[in-house]
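Overview (structure and organization)
What follows is the residue order along each chain.
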Amino acid sequence: MSTKLQTAFTNTLNRELRRMVSRPIYFIGTVVIMAFSYIFFLTFFSEGQPNKMPIGIVDLDNSSLSRQFSRNLESTQQARIVMKLSSHKEAREEMQRGNIYAFVEIKRHFSVDALSSKRPAITFYVNDGYLIAGSLLLKDITYMSAATSIGMERKVLRAKGIDERRIMGIIQPITQDTHLIGNPWASYGTYLLNVILPGILQLMVLLMSVFSIGVEYKERTSREWLKNADNTMFAALSGKLLPYTIIFTILGVIGNMLLYRYMRYPLNANIGWMFLATFVLVLSSQAIAVIFIGITPVLRDGVTFAGLFGTLGITFAGSTFPIEQMPSGVRLLSDLFPIHHYFNIYVDQALNGVPIHYSLSSYLIMLAFLILPFFVFNRLKNAAIRQNYPTK
Amino acid sequence: MNTSHKTSSLNKIIAILKDTLNVIKIEFRTLFKDRGVVTMLVLAPLAYPLLYCSLYKNETLIDVPIAAVDCSRSQESRELLRHIDATQNVQVISKFSTLAEAKQAYNEKKVHGVVYIPADFSKKLNTGDQTTVSVYCDISSFMYYRIINQACSNCILAMSNQIQMERLNANGITGESAKIAASPIPYDAVILYNEGAGFASFLMPAILILIIQQTLFLGIGMITGTSREENRFHVLVSSSIYKGSTLRVIIGKSICYFSMFAAWSFFVLQFVPRLFNLPHIGIPFDIMMLMIPFLLSTVFFSMTVAVFIPNRETGIVLFMFMSLIILFLSGVSWPESNINGFWRAFGWIFPATCGIQAYIKINTLGADLHHISFEYISLSVQTVIYFITTYWAYRWQIMKSARKSLNKAEITK
């Protein structure tokens, strides 16, 4: 019995390998797309954080003090003054054109007012239509404005004859010290790539698994496929999907290596746990692919479902916007996405480095997806024999 | 003679119009007969925006649970924690006496941040020294970090400013001069165009344009893939095999897609933002004007690429992932100014990169058409280029199938 199953399995495997070299889609859909995505995202986010973003300044004072302020702004990590503008209106229009993400307005007589203690205000405008650029610039410009004000304050207090040791206590009685748990550099790439790269991986696993099965029904080769597997659906599916399991796991592990070794993104656990998570992500995505093609053995519908599910997965992972802050039903839905559990493992292990038993349930839930295909075995088998589904 | 010339050219024009109309009719018919194409070209562009907008309905985070480690246990520390708890964005759900205990709660995902107040907090405040409050943020999502950090720093700053006043007073600096001493150069941050710093307001406009491009692209890919499978090119060509026909086929098909998506864009770009309370300060007419080159360039881009799609499913399998790539190329998340030259040039291949920028500028930033002239010209240039490539690609295909059918005819003879 077991040898029979073994031959059925090997026959299917060999058949699939032959099919895989017969058409370019198999190579493009696995290696080419994943390689392209790795190259794209790693070079795209190589800077880590967007530095020296363009801002404008409306300096109506043009004094040594206001120019000093401009220079201070230039020295911040995120801002770069690319244009000097003559009015608020002009600056706002440059913002609407998208040429600058923020601008600072320094009023006339700024310097004279500052020196004569008239408290001249600095106003800055940030464009949160581009939220990332806006909030990073807000942070830097606020910091620089505070620093300017504090510098001035120190002078005032000194002039009043206050003891140097007490000055800091007066200027800033309470300071804040922010710690980013696990990601000390606050690199933007870390937030995104740790979910986008596995996100593309699971999308391609879903699509290619659905495709490789569905194409048998579409091209009416399903009988041959099943016969070759000795009429056992288990052998037919496992023999067919194994090559993709291996290829995508290797590609996923390469992705892990790129993130944690090459880019040196935070990794506070053994990298083996991420490899395992990647492997389980591939397996569980394949299980879902079987369900999709099992529900309707029509290739077109299968790939549409898989594409929809795969792209939604990136939202449901929970990195862009936390799942627990989404509408209540969404939270339950997110459990249906393997990538959501992968993301939890990433947060616990790579980012926070918590003991592995916290992640155990995530691994197990992903493995539990492997039960799903058994529900559609009969359906797939009947459809394979009867070939009673539309081909287009 | 002149009149006969006129009538013959009039007849010719009528014939051309008839042919074109016929192509439109056939295209609409094949489109609505095909369930997969209807899903991609009708259902997806109308349902996706509603789905994504519902998922990202909450603009910001409300009452994110955080823990407090209050080693000071003083009136001042309790006051600070009360203020933090009272903010809309975070909520102090538990208090611990050591950081290790708080870490435990964090590991169990019960809290997403920790505020640590040192034991000498109150003492230092009373002796006029400087003290430090530590804030630990979950950074699994950028949103957690931003919200927790912001809520805490607002409260800490407010308390700090109040104490500053007291200390200035104690040093004999009072009234207006205390104000001057406390902040000699006041600063004021004004957030424009997305006042609540909302996540959906920032991301959704880009997604809406992306959905239009991708569904149009994948839908056209599916139709073309199907005709290649069924070799429908053959049929299209057999009626008239001269040069003009290629043009009529292309124009007929593009009118079909364009008119359909002009209607969808009205729903997606005008109605959806109002329904979900996303930014919509742009002039509706400007948005519709923008859609003309955007949809045309997308249609011709898709028709060109689709010629190389051999089967109806290939497009979805091989191009779905591009949605993500294009989203980043558009420069809405990672700022456009910081995209390196190579990828920026690569982004110009896709109408959506310019389309997203232009739409955000009109819709979110309230720009006029003349502010987006760069994007408008780029999209128009893309329209022309992709029209020419579509013409070549179709011509090449038509010639190929004509040659094939000719060979076939000779063989059967």
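Note that residues are indexed from 1 along each chain, following the sequence as it is written. Throughout, the order in which chains and ligands are written sets their labels, letters from A for the former and numbers from 1 for the latter. In keeping with the model being predicted, local features are shown solely for residues with a pLDDT of at least 70 and side-chain atom pairs are shown and tallied solely at 80 or more, while totals for entire chains, interfaces and linings include all residues. Note that the side-chain values use all heavy atoms of the structure and ignore hydrogens as well as water.

**Side note on the overall build of chain A**
Rules: Secondary structure counts use DSSP, requiring at least four H or I residues in a row for a helix and at least two E residues in a row for a strand, with both numbered from the N terminus. For a compact globule the rule gives 2.2 Å times the number of residues to the power 0.38, and the radius of gyration it is set against comes from C-alpha atoms. Buried means the residue's accessible area, taken with a 1.4 Å probe over protein chains only, is under 20% of the maximum for its type, while exposed means over 50%, and partly exposed covers the values in between. The contact criterion used is simple: two residues touch if any of their non-hydrogen atoms lie within 4.5 Å. The convention is simple: Lys and Arg are positive, Asp and Glu are negative, and His and the chain ends are not counted. Charge positions come from single atoms, namely NZ of Lys, CZ of Arg, CG of Asp or CD of Glu.
The helix and strand inventory of chain A stands at 16 helices and five strands. Relative to the globule expectation of 21 Å for 392 residues, the C-alpha radius of gyration of chain A, 29 Å, shows a markedly less compact shape. For the C-alpha atoms alone, the extent of chain A along its principal axes is close to 95 × 45 × 40 Å. Buried residues in chain A amount to 60% of all 392 residues. Excluding contacts between residues fewer than 6 apart, the proportion of contacts in chain A whose partners are at least 24 apart in sequence is 75%. Looking at chain A, you have 37 positive and 24 negative side-chain charges, and the mean spots of the two groups are 7 Å apart.

**Let's talk about the sheet that holds strand β4 (residues 122-127) of chain A**
Put simply, the rule reads: Two strands are said to pair when DSSP picks up at least two bridges between them. Whenever a helix is involved, its axis is fitted only over the stretch in contact; in every case the axis is a line through C-alpha atoms, and angles between N-to-C directions fall within 0 to 180 degrees.
An order of β2(A)-β1(A)-β3(A)-β4(A)-β5(B) is seen for the five strands of this open sheet, with the pairing classed as mixed. The open sheet terminates on both sides in strands that have one partner only, identified here as β2 (79-84) of chain A together with β5 (187-192) of chain B. Strand after strand, the sheet turns through a mean of 25° between neighbouring axes, direction not considered. This element, helix α4 (residues 88-96) of chain A, spans β1 (53-59), β2, β3 (102-106) and β4 of chain A together with β5 of chain B of the sheet and lies at about 170° to β3 of chain A. Along the sheet face, helix α6 (residues 131-159) of chain A touches β1, β2, β3 and β4 of chain A together with β5 of chain B and points at about 165° away from the line of β4 of chain A.

**Description of the domain arrangement of chain B**
What counts here: Source of the domain bounds: an automatic or database domain assignment.
Assigned domains within chain B: domain 1 (16-56 + 205-412) and domain 2 (64-182). The C-alpha centroid of domain 2 of chain B is placed 52 Å from the C-alpha centroid of domain 1 of chain B.

**Points about helix α15 (residues 351-363) of chain B**
Structurally, the α-helix is built with 3.6 residues per turn, so residues lying three or four positions apart point the same way. To keep things clear, this is the line we draw: What a helix is expected to span follows from its residue count: subtract one and scale by 1.5 Å.
Taking 1.5 Å of rise per residue, 13 residues should cover 18 Å, and α15 of chain B covers 17 Å from first to last C-alpha, within 8% of that figure. Burial analysis of α15 of chain B places 13 of its 13 residues in the buried class, which makes it a mostly covered element.

**Side note on the interface of chain A and chain B**
Let me state the cut-off plainly: Note on terms: buried area is the combined drop in 1.4 Å-probe accessible area of two parts once they are placed together, counting the loss on both. The rule for a salt bridge is simple: a side-chain nitrogen of Lys or Arg has to be within 4 Å of a carboxyl oxygen of Asp or Glu.
Counting residues at the interface gives 117 residues for chain A, matched by 121 residues for chain B. Buried surface at the junction of chain A and chain B, both sides included, amounts to about 10,700 Å², of which 64% is carbon and sulfur. When residues of chain A are sorted by the area they lose upon contact with chain B, Gln 96, Arg 119 and Ile 174 of chain A head the list and together hold 8% of the total. Between the two partners, chain A and chain B, sit four salt bridges.

**Details of the packing of helix α2 (residues 24-44) of chain A against helix α8 (residues 188-218) of chain A**
For any two helices packed against each other, one specifies the inter-axial angle together with the distance between the axes. All names here are of chain A. To keep it simple, the criterion reads: Working definition: roughly parallel below 35 degrees, roughly antiparallel above 145 degrees, roughly perpendicular at 65 to 115 degrees, and oblique for all remaining angles.
Where α2 contacts α8, the axes come no closer than 10 Å and their chain directions differ by 170°. Comparing their axes, α8 and α2 come out roughly antiparallel. Contacts from Ile 25, Tyr 26, Gly 29, Thr 30, Ile 33, Met 34, Ser 37, Tyr 38, Phe 41 and Leu 42 in α2 reach Leu 193, Ile 196, Leu 197, Ile 200, Leu 201, Met 204, Met 208, Phe 211, Ser 212 and Val 215 in α8.

**Let's talk about the environment of Ile 314 of chain A**
Within the secondary structure, Ile 314 of chain A sits in helix α12 (residues 299-316). As for Ile 314 of chain A and Gly 294 of chain A, which are separated by 20 residues in sequence, their C-alpha atoms are 23 Å apart. Discounting chain neighbours no more than four positions away, the residues touching Ile 314 of chain A are Gly 199 and Gln 202 of chain A together with Leu 324 of chain B.

**Quick look at the pattern of salt bridges**
Tallying each qualifying case throughout the model produces 21 salt bridges over all chains. The residue Glu 216 of chain A makes a salt bridge to Arg 19 of chain A at a minimum N-O spacing of 3.5 Å. On the criterion of sequence distance, the pair formed by Glu 216 of chain A in helix α8 and Arg 19 of chain A in helix α1 (residues 2-20) is long-range, its members being 197 residues apart. Among the salt bridges present, the one from Lys 109 of chain B reaches Asp 348 of chain A, with a minimum N-O distance of 2.8 Å. Of this pair, Lys 109 of chain B sits in the loop between α4 (99-107) and β3 (113-117) while Asp 348 of chain A sits in helix α14 (residues 338-351), on two different chains. A relative accessible area of 33% means that Lys 109 of chain B is categorised as partly exposed.

**Let's talk about the sheet that holds β3 of chain B**
In space, the five strands of this open sheet follow the order β5(A)-β4(B)-β3(B)-β1(B)-β2(B), with mixed pairing throughout. Two strands close off the open sheet at either side, each with one partner strand: β5 (174-180) of chain A together with β2 (90-96) of chain B. Averaged over all pairs of adjacent strands, the angle between their axes in this sheet comes to 25°, without regard to strand direction. Docked against the sheet, helix α6 (residues 142-170) of chain B engages β5 of chain A together with β1 (64-70), β2, β3 and β4 (131-137) of chain B, running at close to 170° with respect to β5 of chain A.

**What about the side chain of Ser 334 of chain A?**
Residue and element names in this part refer to chain A. As for its position among the elements, Ser 334 is in helix α13 (residues 328-334). The exposure class assigned to Ser 334 is buried, which follows from its relative accessible area of 1%. Those residues within four positions of Ser 334 in sequence are excluded, and the remaining contacts are Phe 316, Ile 323 and His 340.

**Details of the environment of Ile 139 of chain B**
Residue and element names in this part refer to chain B. Examined against the element boundaries, Ile 139 turns out to sit in the loop between β4 and α6. Residue classification places Ile 139 among the buried positions, given a relative accessible area of 2%. As a C-alpha pair, Ile 139 and His 112 span 27 residues in sequence and 8.5 Å in three-dimensional space.

**Concerning the packing of helix α3 (residues 64-74) of chain A against α6 of chain A**
All names here are of chain A. Note the cut-off: With the far helix as reference, a near helix turned anticlockwise by less than a right angle produces a left-handed crossing, and one turned clockwise produces a right-handed crossing. Side-chain classes follow a simple rule in which Ala, Val, Leu, Ile, Met, Phe, Trp, Tyr, Cys and Pro form the nonpolar group, Asp, Glu, Lys and Arg form the charged group, and the remainder, Gly included, forms the polar group.
Direction vectors running N to C along α3 and α6 enclose 140°, while the axes themselves pass 10 Å from each other. By the criterion of interaxial angle, the relationship of α3 to α6 is oblique. With respect to the hand of their crossing, α3 and α6 are arranged in right-handed fashion. Of α6, the residues touching α3 (which contributes Phe 69, Asn 72 and Leu 73) are Ile 141, Met 144, Ser 145 and Thr 148. In terms of residue class, the contact of α3 with α6 is made up of four nonpolar, three polar and no charged.

**Here we look at the packing of aromatic side chains**
Heads up, the rule is: Ring geometry is summarised as follows: Phe, Tyr and Trp rings, the Trp one being its six-membered ring, pair when their centres sit within 6.5 Å, and such pairs are stacked at plane angles under 30 degrees, edge-to-face over 60 and tilted between the two.
This model, assessed by the stated rule, comprises 46 aromatic pairs over all chains. When the centroid spacing of 5.5 Å and the interplanar angle of 80° are considered together, the rings of Phe 45 of chain A and Phe 328 of chain B count as edge-to-face. Separated into two different chains, Phe 45 of chain A in the loop between α2 and β1 and Phe 328 of chain B in helix α13 (residues 322-329) make up a pair that spans both. Like Phe 328 of chain B, Phe 45 of chain A is buried.

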